[in-house]
Amino acid sequence: MAEYDLLVLGAGPAGSSAAVTAARAGLRVALIDKHSFPRDKLCGGGFTGRSMRYFQQIFGAEAPDTPILHRTAISFCAFGHEVGHFTDVPPLHMTMRRDLDHALLRAAISAGATDLTGQKVLAIDAEAPAVTLDSGIVSAPLLVAADGVNSPTARLLFGAAFDRSEIGFALEVELPLDAPPVTPVRIDFGAADWGYGWDFPKTCGRTIGVGGVMRRNTNLKSSLNAYLGYLGVHTDSPVKGQFLPFGAYRRQPGRGKVLLAGDAAGLVDPITGEGIAYALKSGQLASESVLAALGAGMPDQALSNYRTALGPIHRAITQARLIRPLIFLPALRKGFVAGFRNSSTLRAEYLQLLAGKTEYGQITRRTVARLPNLLARSLTQ
Ligand SMILES: Cc1cc2nc3c(=O)[nH]c(=O)nc-3n(C[C@H](O)[C@H](O)[C@H](O)COP(=O)(O)OP(=O)(O)OC[C@H]3O[C@@H](n4cnc5c(N)ncnc54)[C@H](O)[C@@H]3O)c2cc1C
């Protein structure tokens, strides 16, 4: 059995962030993934200003070592109406997850984490904790499980990886191109029910998808086809789908000596669908919680440290869930469309949110103040 100070299961953004944080602080970290990298991950690859800021803080570098298309132009549509095109917004960074995650993993390995990717995971023992790989057993006082939306660890701890009544689902196609497209970043609210569509330019093509609350989208394939038709795109590229933990975070982000991070803890923004930023942040917070607990000689305290540290993210997701009906409830839609089209403040707030320069707390307070206006618009437009 190989002994470490920390096991990290899953080498996506959450896992690599946890590993780099712990390894830089001197812990012996095993970073485990069932895939060899580079590997594909279904994702729009939209790396927002918030993600970039967290990346810089955690990895101590200017930008991930991967091809990035930086864009400052964005188009918004809502329920089939153009609501704004902007050419000078805070930069949005468009990546391919295959390359991005590989770059984050390389950074974690250079920081000193032991590379145990490309290993078959035969068993997870949450009590020990220990993980049985085809190369042998690894164990440590604590385990950060960042094993994604279908998290086998969350299933082991709680019987299910997520709540099917709350989960989101998304479909995507990749359109390979020889050069970056001239199209702006595009977001279409309502392209899926209680969800949205996206058309993201990349250095090597376009990623187009739709995603929304799964129980409200019984035929998401037809929403994707309608969206592709609306964009005038004809493609034979394969359609791929994946669950998206759209705002149903785990109140208890782990159990005993196991801390769940990223999608495994349900940390996706329920309005923007953004998950990379919270994956990076939660990985960092998990390892900082581990470091504090191990430093105090009380590993059992890591989970309660972590739950406290996640408070601001949990609050932000709760606030976003409260705002979500104002966008998607059919009775309020007209008000939202008119408000978004006419209010430069509302649009600026959305962009500031993506840039990580404002939080939902501020937006919630302003939204409540605007509520009478929104209702009046919905009734009169
Ligand atoms: C279609 C779609 C589009 C999206 N677009 C965006 C976007 O544009 N911007 C954005 O910010 N977010 C987006 N998201 C959300 C984002 O992809 C996730 O929130 C993010 O990937 C979470 O990172 P993570 O590290 O928690 O999990 P993941 O990135 O899923 O990584 C989990 C890792 O765990 C590994 N693993 C799983 N099971 C095991 C096992 N048994 N043993 C070992 N390893 C295991 C996997 O191989 C994987 O490498 C999108 C999601 C979807 C589905």
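Per chain, residue numbering runs from 1 following the sequence as it is written. It should be noted that, the model being predicted, local features are given only for residues of pLDDT at least 70 and side-chain atom pairs only at 80 or more, the latter also being counted only at that level, while totals for whole chains, interfaces and linings use all residues. Just so you know, side-chain values use all the structure's heavy atoms and leave hydrogens and water out.

### Concerning the site of the ligand
In the vicinity of the ligand, 38 residues are found, and the nearest of them are Asp33, Gly44, Gly46, Arg97 and Asp263. Two N or O atoms count as a polar contact when they lie within 3.5 Å, although within protein this holds only if one can serve as hydrogen donor and the other as acceptor, and sequence-adjacent residues are included solely when both atoms are side-chain atoms. The backbone of Ala14 places a nitrogen or oxygen atom 3.0 Å from an oxygen atom of the ligand. In the model, a nitrogen atom of the ligand is placed 2.8 Å from a nitrogen or oxygen of the Gly44 main chain. To be clear on the numbers: accessible area is Shrake-Rupley with a 1.4 Å probe, and residue cover counts the displayed protein chains and nothing else. Notes on the ligand: free accessible area 1000 Å², of which the protein chains cover 93%. Within the residue set of the shell around the ligand, elements represented by two or more residues are α1 (13–24), β14 (168–176), β16 (195–202), β18 (240–244) and α6 (276–295). In this count, Pro and Cys sit with the nonpolar residues alongside Ala, Val, Leu, Ile, Met, Phe, Trp and Tyr, while Asp, Glu, Lys and Arg are called charged and the others, Gly among them, polar. When the residues that make up the shell around the ligand are grouped by side-chain class, the tally is 18 nonpolar, 11 polar and nine charged. Domain start and stop points were drawn from an automatic or database domain assignment. If you count residues domain by domain, the shell around the ligand takes at least three from each of domain 1 (2–67 + 96–164 + 247–315) and domain 2 (70–91 + 167–244). Whether a residue is near a molecule or strand depends on its heavy atoms: if one lies within 4 Å, it is near. For the purposes of this entry, the term helix denotes a DSSP run of H or I that reaches at least four residues, the term strand denotes a run of E that reaches at least two, and both are numbered from the N terminus.

### Section: the pairing of strand β7 (residues 81–86)
Two strands pair under a simple rule: DSSP has to find at least two bridges between them. As judged from the five bridges shared by strand β6 (residues 74–78) and β7, these two strands associate in the antiparallel manner. Within the sheet, the bridge partner assigned to Ala78 lies in β7 and is His81. Counting the residues that bridge the hairpin from β6 to β7 gives two residues, and of these Phe79 lies at a positive phi of roughly 50 degrees.

### Thoughts on the sheet that holds strand β19 (residues 254–255)
An order of β9-β3-β2-β13-β20-β19 is seen for the six strands of this open sheet, with the pairing classed as mixed. Looking at which strands have only one partner, the edges of the open sheet turn out to be β9 (114–117) and β19. Pairing analysis gives two bridges linking β19 to strand β20 (residues 258–260), with the strands arranged antiparallel. When the sheet's bridge partners are listed, Arg255 is paired in β20 with Val258. Pairs of residues are marked as contacts when any of their non-hydrogen atoms sit within 4.5 Å. For helices, the fitted line uses only the C-alpha atoms of the stretch in contact; every axis is such a line through C-alpha atoms, and the angle between N-to-C directions lies from 0 to 180 degrees. Sheet contacts for α6: β2 (6–9), β13 (142–145) and β20; angle to β13, the most-contacted strand, approximately 170 degrees.

None of the figures reported here should be taken as evidence of function without further support.
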